[in-house]
Structures are given as structure tokens and as C-alpha cells.
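Coordinate inspection notes
So the chains spell out like this:
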Amino acid sequence: MNAPAPLLAQAVSAAPATGGDTFFEIVFSGGPMGILIMCLLIALSIVALALVIEHALTIRQSVLMPSELIDLLTAHLNQGKLVPAVQACEAHPSSLGHILRESLAEVEGGWTAVEKALEDATAEQAARLFRKIEYLAVIGNIGPMLGLLGTVVGMILAFREVANTQGAANAAQLASGIYSALVTTVAGLLIAIPALGAFAIFRNRVDELVAEMAYTAQHILLPVKRALTGRRTAAAPPPAPPKGTA
């Protein structure tokens, strides 16, 4: 009733062959060049994850436009206190604080100079934020290219083996080399897709926050605008009387 010993031994020896490769074996199955490219891709994935976490923590309304700074500036400027307002901007470093500090520095030049400084500072902060998230787009573009490089190198090595054996390599051996080469392309795409998706999300968030910062800054500077435009009207000389009048 028991299975013969030779048949049982054959079944036991064949059991490991039926199992698939482990994840580690699949990822690092492309030879030295494939391993090097996979290490680069893993490093890119770590950098992309760190950037996403950092951007999620810093590109927020509470960080770029602190509510306590808005309250302080509104109170100081409504009372005409420019020096305390500038000091509040320096005490709360943020994008909105930088914009308002640069704007208040041009008060002596009139409202036109203040408005120009406001526009320039807002554009500067927008460019800084866009440069900050641009690295995600770079990683999203580099990832597939590195993966394609690993695939091309793996295909070259696979077909070189076929050439060296003068076509003696069977289909199974060729397929094994090709599937090992394609692993890097899959890894590159797995990195690029989330990185580009995160870049699009943060780009839209930056657009919204920059527009909100510009509106908030203009609203805070309304007392300054009234004071400067009123001062200019009061300081304007009276019109000269027409010639020929007594």
C-alpha cells in the first residue's frame, strides 16, 4: 500500500522545483548591471517617499500662512504700526511673512512700489515652491529610463549568450534571461507612476496656496493702501488758477 521508495524520493526532490522564485531573487536576478540599476531605483524610491512626506508636512496653509501671523499683522496695520508689523513677519518666518515684509519695506515709495514688491515677492515664493516639488517630476522621468536601461542591458546579455552558444540556448533559457531583464522596467514604472501622481497633486496645491497668499496679503495691506493713497491726495498741490484771472 505504501509508495515505492524510488517514487517517493523522486517526488521529494521535485517538490522544490515547483515553487517560484522569491521576491529577492526576482528583483536581483539581472546580473551585476541589473543589481546596480535596481539599487539605484530603490534609492530613488526612498528619496521620492521622503520628498512626499516632507512636502505633505510643509506645503500646507498652516505652515505657509500662519493664522497667528495674519492676526498680528491685521491688528498692527489697522493701527498704523509698521515697525511691529515688520517685526512680526521676522518672528514668524513663512512665505506670507516674506511677501509682506518685502512689501512693507517699500512703503516710502508709495502704494505703487508696495504693490510691485508684493507681486515680485509672490512670484518669487511661487517659483521657490515649484522648484521644491520639481524633484518629484525628475524622479518620475528618470525612473522609467533607468528601468529601460536595465532591460536593454539584460536583453543584450541574453542574446549574447545565444550568440555564444551558436543558437544552442533553448526557449526556456532565453525566456528566463528576458524576464530577468524586464524586472528593472517594472521597478522603474512602479516608482514613476506614484512620483508623477504626487507631483501633480502638490502642483495643484501650490497653485491654490499661492493664489490664496496673494489674496490674503492684499487684504492685510488694505490699511496701508488707504493710508498711502490718502497721503498722496492730501499732499498734492492745489491746481494753479487759470491765466487771466485776478
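Above this text is the structure in question.
The structure contained in this document is the topic of the report that follows.

Across its full length, the chain holds 10 helices and 0 strands. Sequence-ordered secondary structure for the chain, helices as α and strands as β, is α-α-α-α-α-α-α-α-α-α. The contacts in the chain between residues at least 6 apart in sequence include a share of 78% that link residues at least 24 apart. Approximately 15,000 Å² of the chain is accessible, and the part contributed by carbon and sulfur atoms is 67%.

What follows deals with the environment of Ala200. Within the secondary structure, Ala200 is located in helix α9 (residues 171–220). Put simply, Ala200 and Ala137 are 63 residues apart on the chain and 8.7 Å apart in space, counted from C-alpha to C-alpha.

With that out of the way, let us pick up the pattern of salt bridges. In this structure the tally under the stated criterion is 2 salt bridges. Among the salt bridges present, the one from Lys132 reaches Glu54, with a minimum N-O distance of 3.2 Å. On the criterion of sequence distance, the pair formed by Lys132 in helix α8 (residues 111–164) and Glu54 in helix α3 (residues 31–58) is long-range, its members being 78 residues apart. Looking at Glu54, the relative accessible area reads 30%, which means it is partly exposed. In this structure, the salt-bridge partner of Lys116 is Asp120, at a minimum N-O distance of 2.7 Å. With Lys116 and Asp120 both in helix α8, this residue pair falls 4 residues apart, about one helical turn.

So, about helix α5 (residues 67–78). In this model, α5 (12 residues) spans 17 Å end to end at C-alpha, consistent with the 16 Å of a helix rising 1.5 Å per residue. Within the span of α5, buried status applies to Leu69, Leu73, His76 and Leu77. Buried residues of α5, viewed axially, fall in a sector of 90°; they line one side. Summarising the geometry of α5, the exposed residues directed more than 90 degrees from the buried face are Asp71 and Asn78. Of the residues flanking the end of α5, it is Gly80, one or two places downstream, whose phi is positive at about 75°.

On to the environment of Ile37. One can find Ile37 in helix α3. Overall, the relative accessible area of 2% leaves Ile37 in the buried class. Considering only alpha carbons, one finds Ile37 and Thr151, 114 residues apart in sequence, at a separation of 9.8 Å. Setting aside residues up to four positions removed in sequence, Ile37 forms contacts with Leu146, Leu149, Gly150 and Thr184.

One finds Leu41, Leu73, Leu100 and Leu221 to be the most contacted residues of the largest nonpolar core, which totals 47 residues. With 13 residues, α9 is the single largest residue contributor to this core. Apart from the residues lying within four places of it in its own chain, the contact partners of Leu100 are Leu73, Cys89, Ala217, Ile220 and Leu221.

Cut-off values and rules
Residues numbered from 1 in each chain as written. Predicted model: local features only at pLDDT ≥ 70, side-chain atom pairs only at ≥ 80, totals over all residues. Heavy atoms only, no water. Helix = DSSP H or I, 4+ residues; strand = E, 2+ residues; numbered from the N terminus. Contact = heavy atoms within 4.5 Å. Areas by Shrake-Rupley, 256 points an atom, 1.4 Å probe, with all protein chains shown as cover. Salt bridge = Lys/Arg side-chain N within 4 Å of Asp/Glu carboxyl O. Buried < 20%, exposed > 50% of the residue type's maximum accessible area, 1.4 Å probe, protein only. Expected span 1.5 Å × (residues − 1). Arc of directions from axis to C-beta. Core = buried A, V, L, I, M, F, W, Y, C linked by side-chain atoms within 4.5 Å.

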